[in-house]
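Structure assessment
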Amino acid sequence: MKQSVAAERKNKMKWEENVRKVVPYIPGEQPREKDVIKLNTNECPYPPSPMVEKAMEEMQYQDLRLYPEFPEKTPLAAHLAKYHHVGEEQIFIGVGSDDVLSMAFLTFFNSDRPVFFPDITYSFYDVWADIYRIPYEVRPLDKNFRIRKEDYIGKNCGGVIFPNPNAPTGVLMELSDIEEIVKANSDNVVIIDEAYIDFGGTTCLPLLEKYDNLLVVRTFSKSRAMAGGRIGYAVGNEKLLRYLNDAKYSVNSYTMNRPALRLGAASVKDEAYFQEICGKIVRTRERSEKELAALGFTFPASYGNFIFASHEKVRAQEIFERLKEKHIYVRHWNKARIDNYLRITIGTDEEMDALFAALREIIA
Ligand code: PMP
């Protein structure tokens with residue numbers, strides 16, 4: 001009989017001591033059934049721009065014969081540079097922002113001093129730190145889930161990273177506070193992960209004109225409805241990007257596939273559609289906050305496409321399980337400080353109505 005993976009692992013092999021071991025990041029579940037309401041991975045409930053559909057139809061399968069172009073030399077980079085009013089040499093494109101962030105950890109967090117990030121944040125950061133053997137320290141959020149800027153100023157750290165708005169809390173940090181952190185860390189790279197910035201936050205991109213140690217990371221997975229396309233990018237000082245590209249080309253020259261580069265470019269061209277879906281999500285989020293409050297949930301004001309909510313009476317774990325039985329998926333972490341919270345992605349109005357109906361039953 002075939003040994004189970006657990007049993008196999010117990011049975012130590014001689015070579016195992018030399019393996020690079022890491023506890024991997026666990027992404028949200030991707031259920032196989034079709035009839036689910038999926039509010040667990042912050043995907044966009046709307047399709048990508050019709051221009052993306054057209055670009056897909058126009059693609060030629062023969063194009064796949066050739067290796068893709070270098071991402072920084074593509075129309076996608078040119079469109080992004082124009083969109084953000086920066087030079088093309090200030091854009092780095094990767095396979096989702098996870099790829100961009102991973103490369104940025106590898107490139108910029110290379111001192112013996114610990115990198116700082118919040119205790120409650122994107123749970124991939126400590127995984128990258130572990131796999132690249134980067135020392136790090138987590139800084140606790142305050143009781144209102146705010147990042148305390150003092151924790152990142154005047155400390156002897158080896159770099160700073162956090163999302164703005166933070167995930168999974170949705171809490172936004174003021175631009176002036178971010179500026180203080182960037183300014184105080186001139187001997188470090190500060191990475192601001194703006195995965196959710198398009199849902200009402202203020203971007204820190206203008207700070208790039210003043211500071212050469214800032215890297216801003218973005219994704220097409222949320223506000224551009226292209227999680228399946230795997231496109232992320234960073235904007236930063238030209239010199240910073242040269243180092244980032246050197247590292248990336250030393251790992252894999254051709255990270256981006258040809259279709260993704262084409263489809264991403266089509267998305268950036270359709271500003272009207274982009275604004276329309278972001279607006280719809282923000283409006284649904286505002287309505288959802290009212291509905292959840294009426295049901296007895298509390299949550300910090302969210303600037304993301306999700307709400308991080310806790311119920312006054314019913315435990316998050318129970319709500320999570322009961323929702324799953326009803327084929328509604330949200331996200332729950334069995335982690336200190338946040339184990340009584342659920343992160344609920346904003347879906348369509350119909351999906352949210354189904355969620356509220358289910359919650360009403362569970363809570364009653
Ligand atoms: N940063 C944050 C804060 C996220 O929540 C996510 C989504 N899991 C990512 C980065 C990565 O997104 P992607 O790789 O799809 O661009």
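What counts and what doesn't
Residues numbered from 1 in each chain as written. Predicted model: local features only at pLDDT ≥ 70, side-chain atom pairs only at ≥ 80, totals over all residues. Heavy atoms only, no water. Near = heavy atom within 4 Å. Polar contact = N/O pair within 3.5 Å; in protein donor to acceptor, adjacent residues only side chain to side chain. Areas by Shrake-Rupley, 256 points an atom, 1.4 Å probe, with all protein chains shown as cover. Helix = DSSP H or I, 4+ residues; strand = E, 2+ residues; numbered from the N terminus. Nonpolar A, V, L, I, M, F, W, Y, C, P; charged D, E, K, R; others polar. Expected span 1.5 Å × (residues − 1). Buried < 20%, exposed > 50% of the residue type's maximum accessible area, 1.4 Å probe, protein only. Arc of directions from axis to C-beta. Pairing = 2+ DSSP bridges. Phe/Tyr/Trp six-rings, centres within 6.5 Å; stacked < 30°, edge-to-face > 60°. Axes fitted to C-alpha atoms, helices over the stretch in contact; angles between N-to-C directions. Contact = heavy atoms within 4.5 Å. Salt bridge = Lys/Arg side-chain N within 4 Å of Asp/Glu carboxyl O. Core = buried A, V, L, I, M, F, W, Y, C linked by side-chain atoms within 4.5 Å.

Looking at the site of the ligand
In the region of the ligand, 14 residues are neighbours, and Ser 97, Asp 193, Tyr 196, Thr 219 and Ser 221 sit closest. In the environment of the ligand, a nitrogen atom lies 3.2 Å from a nitrogen or oxygen atom belonging to the side chain of Tyr 122. Ser 221 has a polar side-chain atom sitting 2.6 Å from an oxygen atom of the ligand. Relative to its free-state accessible area of 400 Å², the ligand is covered by the protein chains to the extent of 91%. When residues in the shell around the ligand are grouped by element, the largest group, four residues, is from helix H4 (residues 96–108). Looking at side-chain class alone, the shell around the ligand contains six nonpolar, four polar and four charged residues.

A look at helix H7 (residues 238–249)
The end-to-end C-alpha distance of H7, which contains twelve residues, comes to 16 Å, matching closely the 16 Å that a straight helix rising 1.5 Å per residue would cover. Of the positions making up H7, those classed as buried are Leu 240, Leu 241, Leu 244, Asn 245, Ala 247 and Lys 248. Angular distribution of buried residues about the axis of H7 spans 160°; they occupy a single face of the element. Put simply, Asn 237 is the residue that caps the front of H7, since its side-chain oxygen is 2.8 Å from the backbone nitrogen of Lys 239.

Looking at the pairing of strand E10 (residues 306–311)
Judged by how many residues are buried, E10 sits mostly within the fold: six of six residues are covered. Residue alternation in E10 divides its side chains into two sets, Phe 306, Phe 308 and Ser 310 and Ile 307, Ala 309 and His 311, and both sets are buried. Bridge analysis of strand E9 (residues 297–298) against E10 gives two bridges, and the strand direction is antiparallel. Looking across to E10, one finds that Thr 298 is bridged to Ser 310.

Thoughts on the packing of aromatic side chains
Throughout the structure, instances matching the rule amount to 22 aromatic pairs. A centroid spacing of 4.9 Å and a plane angle of 80° characterise the contact between Tyr 196 and Phe 306, whose relative ring orientation is edge-to-face. Residue Tyr 196 is located in the loop between strand E6 (190–193) and strand E7 (214–219), and its partner Phe 306 is located in strand E10; the two are separated by 110 residues in the primary sequence. A single burial state applies to Tyr 196 and to Phe 306, both of which are buried.

Points about the sheet that holds strand E3 (residues 115–118)
On the basis of which strands lie adjacent, the open sheet formed by seven strands has the order E2-E8-E7-E6-E5-E3-E4 and mixed pairing. Edge positions in the open sheet fall to strand E2 (91–94) and strand E4 (136–139), since each of these has one partner strand only. Adjacent strand axes in the sheet meet at a mean angle of 20°, parallel and antiparallel pairs treated alike. Relative to strand E8 (residues 232–236), E7 runs antiparallel, the two being bridged by five bridges. Residue pairing in the sheet places Val 217 in a bridge with Ala 234 of E8. Across the sheet, H4 lies against E2, strand E5 (159–163), E6, E7 and E8, angled at about 160° from E7, the strand it touches most. Seen against the sheet, H7 touches E2, E7 and E8 and runs at an angle of roughly 30° to E2.

A few points about the pattern of salt bridges
Per the counting criterion, the structure on display carries 21 salt bridges. Asp 187 is the partner of Arg 113 in a salt bridge, and the nearest nitrogen-oxygen pair spans 3.8 Å. On the criterion of sequence distance, the pair formed by Arg 113 in the loop between H4 and E3 and Asp 187 in the loop between helix H6 (175–184) and E6 is long-range, its members being 74 residues apart. Accessibility expressed as a relative area gives 26% for Arg 113, which makes it partly exposed. With a closest N to O distance of 3.7 Å, Arg 322 and Glu 318 form a salt bridge. In this pair, Arg 322 and Glu 318 both sit in helix H10 (residues 316–325), four residues apart, roughly one turn of the helix. Within this structure, Arg 287, Glu 291, Asp 349, Asp 353 and Arg 360 form a network of salt bridges that share partners.

Topic: H6
One turn of an α-helix holds 3.6 residues; hence residues three or four places apart share an orientation. Of the positions making up H6, those classed as buried are Ile 178, Glu 179, Ile 181 and Val 182. Buried residues of H6, viewed axially, fall in a sector of 165°; they line one side. Contacts from the buried residues of H6 go to E5, E6 and E7.

Regarding unusual backbone geometry
With omega at -5°, the peptide bond leading from Asn 164 into Pro 165 counts as cis. Relative to the assigned elements, Pro 165 resides in the loop between E5 and H6. The omega torsion across Ala 167 and Pro 168 is 5°, close enough to zero to call that bond cis. Along the polypeptide, Pro 168 turns up in the loop between E5 and H6.

Thoughts on the nonpolar core
Soluble globular proteins tend to pack their nonpolar side chains together in the buried interior. Within the largest apolar cluster, 48 residues are counted, with the highest numbers of intra-cluster contacts made by Leu 76 and Ile 93. Every residue in contact with Leu 76, bar those within four places of it in the chain, is listed here: Ile 93, Phe 220, Ile 231, Leu 261, Gly 264, Ala 265 and Val 268. Counting 37 residues, the second largest nonpolar core, distinct from the first, contains Ala 167, Ala 195, Val 282 and Leu 295.

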